[in-house]
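Chain by chain, the residues run as shown.
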Amino acid sequence: MSGDSVRAAHQGGRTAAHPGVGRTAGHAGGGYPESTTGGLPSGHRGGHPGSGHPGGGHPGGHPGGGHPGGHPGGGHPGGHPGGGHPGSRRAEVHPTVRAATPRRVLWTSVAIAWTGAAATALLFARVGALLDDGRADAGAIVLLVVLVVVAAACAAGGPAFSERAASETERRLRSAVVSRVFDLGVTRTSGRAGELLSLATDTVERTANYRAGFLGPILGAMTTPLLVLAIMAVTVDAPTAGWLALLLVLVPVLIGGFQRLVRPIGAANRRSQAQLTAAFLEAIQALDTLVYARAADRAGADLARRGEAHRRKLLKLLAGNQLLILVVDAAFSLTVVVAAAAISTARIADGSMTLGQGVAILLMTTLVIGPVDLVGQFFYIGVAGRASQARIGDHLGPAASSIPSRPSPTRATSTDACVVEPAPAGGSRTRENSRASGLEPGLEPGLEPGLEPALEPALELADVTAGWPGRPPVLDGLSLRVEPGERVALVGPSGVGKSTVAALLQAHLTPASGRVLVDGLDTAEASGSAVRDRLAVVEQRTFLFLGSIADNLRLVDPDADDQRLWAALDLAGLRAEVEAMPTGLDSPVGEQGRLLSGGQAQRLAIARAWLRDAPILLLDEPTSQVDLAGEAAILEALDRLAADRTVLMIAHRPGAILAADRVIDLGAAQTEGRA
């Protein structure tokens, strides 16, 4: 939509933290009759994508991104590539989705349904017997009261249990979805804030309602007629129960047929809703750009068009639902009731059945046709739930056992090596623990005579070929080492691969070939969190969360007291400015730090990096967004932060970096390596 919107999404989709965004998107679509893409419900505020790093996504453009059995031609919204699911029409449920609802939940719901139906059927049988006897003793009355209490308890307890189970399932699913977001990392998820918001809210809610609040009750409702007919045969009249049993085969036939008929309708509705949510969130994030470009009216018209298209798909879904209810009611409910009345009347007339038994059969018939009431729910909850669980399965990806430990190389690996330039005269530093980096074992260029390199470098890229998902490799056969305690500057023009190197070191990207080591950890084998524990990062665009200065500092050290926070601000050169604020550490930073200047935000990020206290400092163009005066203050703060740490500095130009032991011109190195 715009560069700003993509950047905002890359920074984590801050707007996703506001419940009103998704809810408005739902309204724009003509309104959902039940809970829609609204923000996180109470108690789930921490469970949305983008709550830390930017959202998660599907590596490599999410191959086969269409919903299985749903919309074979369509990838996910928001420009997410992918085609139809390559598998069979009936998709397997992802193991994580299945495990989110324990099997005991399903069978407990079934047991509650059976118990309630049995108690109600026995109650109707006893009512018929009382009509025939004309009197009731104390034992019969007590039995009636017990049956009423049991039936009422099951009627009230079933929905309550399902609601609680659905809430627990929703919590587990949202945790899995957000965990997958962080596992995939920043680079494979940028620009997908709207899609991830919809996935972590509405999609998770629908899946939880389907698996925990629908499957068990509908299984119980579909099987209780057999239990009721068995009770009817034992306590009232077996022939009548047998005839009614023959009519029950219509229910699964009708449901199965309509399931296949309406599956595309449910998938199209889900796809339309997700696209509308993504478009609305993108428009909110890029509102300034749209206004400046005089494109706000066009964006509004596009949202209105999408909303109208979604409204039509929703009405089509509801129309099909009502048609199903009408057909099933006419074809089954009326048939069963009329058949039961006719059979009972005939058997009473010929003396094979008493009046009380006839009344009991008619009352029990209302239990036999109970599944019909759930057919409409299946159409709406079931179809939407199946599409939602397939979408979550796509997001979670294959089970861990089927994921290869390393990706396969996508192209031949070059043996060209990166050429390292020693720092220019006057710009080098002398440090006792400094070591020169090299490209091959042995004495490296720039290494002081008589010194050997450290056995284990702090950072190492060994013959690395890498690029961004869906794009050609940016780095080809790159090798470099940074020894413990060394300060190395990585410079070069935009597009040469500096950000790719930073993403590789933070385990946001995995190399197509070669190895990336961070403090001895191979990023292709170690977990991303373990790799990032070794790093403190100050990026070119600092993301600050809505809250106070103290809140943003304690993000990396929740137990830090005020004294430690002031010490961090002092190191960052920000203490005096914060002390001058009316509320000090409690001063709000605004949404995405809008109440602070660019320089203040960067120095707050430096204070946050100091609190993290990691051995390796990665500086990714931290002064690119400030003026020269702000740059000088930031460089002074960074110099204090870099003391006794290994530092890799990334910048467009040498003047914007700290004094370095070595400077690597990545552009020249890449050009020379390809020559």
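Everything numeric in this text was worked out from a predicted model, so none of it was measured.

Novice: I tried to follow the packing of aromatic side chains on my own but got confused; where do I start?
Specialist: How two aromatic rings sit relative to each other is given by the distance of their centres and the angle of their planes. Overall, the coordinates contain two aromatic pairs when judged by the stated rule. Each ring, one from Y210 and one from F214, has its centre 5.9 Å from the other, and the planes form 25°; the classification is stacked. Side by side, Y210 and F214 carry an identical accessibility label, which is buried. Plain terms: the ring middles of F543 and F545 are 4.8 Å apart, the flat faces sit at 75° to each other, and that makes the pair edge-to-face. Judged by its relative accessible area of 13%, F545 falls in the buried class.

Novice: Help me understand the pattern of salt bridges in this model?
Specialist: Opposite charge on two side chains lets them pair, provided their charged atoms get close. A full pass over the atoms with the stated rule returns 21 salt bridges. Put simply, R206 and D202 hold a salt bridge, and the shortest N to O gap is 3.1 Å. Within this pair, R206 and its partner D202 are both found in helix α6 (residues 193-213), separated by four residues, close to a single helical turn. Summarising the burial analysis for this pair, R206 and D202 share the class buried. Residues R603 and E577 are paired through a salt bridge, measuring 2.7 Å at the closest nitrogen-oxygen approach. With a gap of 26 residues between them, R603 in helix α19 (residues 598-612) and E577 in helix α18 (residues 575-579) connect regions that are remote in the sequence. Looking at R603, the relative accessible area reads 10%, which means it is buried. One network of salt bridges, with partners in common, ties together E168, R171 and R172.

Novice: Before we go on, may I ask you to explain the nonpolar core in this structure?
Specialist: The tendency in soluble globular proteins is for nonpolar side chains to be buried side by side. L569, L604 and I606 are the most contacted members of the largest nonpolar core, which totals 41 residues. Elements supplying a minimum of two residues to this core: β4 (487-491), β7 (535-538), α16 (549-553), α17 (562-571), α19, β8 (616-620), α20 (628-641) and β9 (646-651). A total of seven residues in this core trace back to one element, the largest contributor, which is α19. The residues touching I606, leaving out its near neighbours within four places in the chain, are V538, L571, A572, I634, A637, L638 and L641. Counting residues in hydrophobic clusters, the runner-up holds 29 residues, among them L461, L505, V516 and L648.

Novice: I keep staring at a nonpolar patch on the surface and nothing clicks. Help me out?
Specialist: Taken together, I141, V145 and V149 make up a surface patch of nonpolar side chains, about 260 Å² in accessible area. Inspection of the secondary structure puts V145 in helix α5 (residues 138-184). What makes V145 partly exposed here is its relative accessible area of 46%.

Novice: What exactly am I supposed to notice about the sheet that holds strand β3 (residues 475-482) here?
Specialist: In a beta sheet, neighbouring strands pair by backbone hydrogen bonds and run either parallel or antiparallel. Ordered in space as β3-β2-β5-β6, the four strands form an open sheet in which the pairing is antiparallel. In this open sheet, the two edge strands, each paired with only one partner strand, are β3 and β6 (521-522). In this sheet, strand β5 (residues 513-518) lies alongside strand β2 (residues 459-466) in antiparallel orientation, the contact comprising five bridges. By the bridge assignment, E460 is partnered in β5 with L517. Its contacts with the sheet place helix α14 (residues 498-505) against β2, β3 and β5, and it is angled at close to 115° to β2.

Novice: Whenever I open this one, α14 confuses me. Can you help?
Specialist: An α-helix turns once every 3.6 residues. As a result, residues three or four positions apart point the same way. α14 sits mainly inside the fold: seven of its eight residues count as buried. After α14 finishes, the residue A507 shows a positive phi value of roughly 65°.

Novice: Sorry, what's going on with the side chain of T646 here?
Specialist: Relative to the elements of secondary structure, T646 occurs in strand β9. For T646, a relative accessible area of 6% corresponds to the buried category. In terms of polar contacts, T646 uses its side chain to reach the backbone amide nitrogen of G485, at 2.7 Å. Discounting chain neighbours no more than four positions away, the residues touching T646 are A458, V482, E483, P484, G485, E486, P615, I616 and L617.

Novice: Sorry, what's going on with unusual backbone geometry here?
Specialist: Most of the time, phi is negative for any residue but glycine, and the peptide bond is trans. Notably, D463 is not glycine yet its phi reads approximately 50°, a positive angle. Within the element layout of this structure, D463 appears in strand β2. Positive phi, close to 55°, is recorded for D613, a residue that is not glycine. Tracing the sequence through the fold places D613 in the loop between α19 and β8. Accessibility expressed as a relative area gives 53% for D613, which makes it exposed.

Definitions and cut-offs
Starting from 1, residues in each chain are numbered consecutively following that chain's sequence as written. Local features are withheld for residues below a pLDDT of 70 in this predicted model, meaning they are given only at 70 or higher, and side-chain atom pairs are given and counted only at 80 or more; totals for whole chains, interfaces and linings count all residues. Working from all heavy atoms in the structure, the side-chain values ignore hydrogens and water. Ring pairs are drawn from Phe, Tyr and Trp, using the six-membered ring of Trp, whenever the two centres fall within 6.5 Å, and their geometry is named by plane angle: stacked under 30 degrees, edge-to-face over 60, tilted for the rest. Buried residues are those whose accessible area, probed at 1.4 Å on protein chains only, stays under 20% of the maximum for their type, while exposed residues exceed 50% and partly exposed ones sit between those limits. Each salt bridge in this description consists of a side-chain nitrogen of Lys or Arg and a carboxyl oxygen of Asp or Glu lying within 4 Å of one another. In this text, helices come from DSSP runs of H or I with a minimum length of four residues, and strands from runs of E with a minimum of two, each type numbered from the N-terminal end. Throughout this description, the term nonpolar core refers to a set of buried Ala, Val, Leu, Ile, Met, Phe, Trp, Tyr and Cys residues connected via side-chain atoms within 4.5 Å. Here a residue-residue contact requires only that any non-hydrogen atoms of the pair lie within 4.5 Å. Distance thresholds for patches are 9 Å for like charges and 5 Å for nonpolar side chains (Val, Leu, Ile, Met, Phe, Trp, Tyr), applied to residues having over 30% relative accessible area and no salt bridge. Areas reported here follow the Shrake-Rupley algorithm with a probe of radius 1.4 Å; residue values treat only the protein chains shown as occluding. Two strands pair if DSSP finds at least two bridges between them. Lines fitted to C-alpha atoms define the axes here, with helix axes fitted over just the stretch in contact, and angles between the N-to-C directions of these axes take values from 0 to 180 degrees. For this analysis, a polar contact is any N or O atom pair within 3.5 Å, provided that within protein one partner can donate a hydrogen and the other can accept it, and provided that sequence-adjacent residues contribute only side-chain to side-chain pairs.

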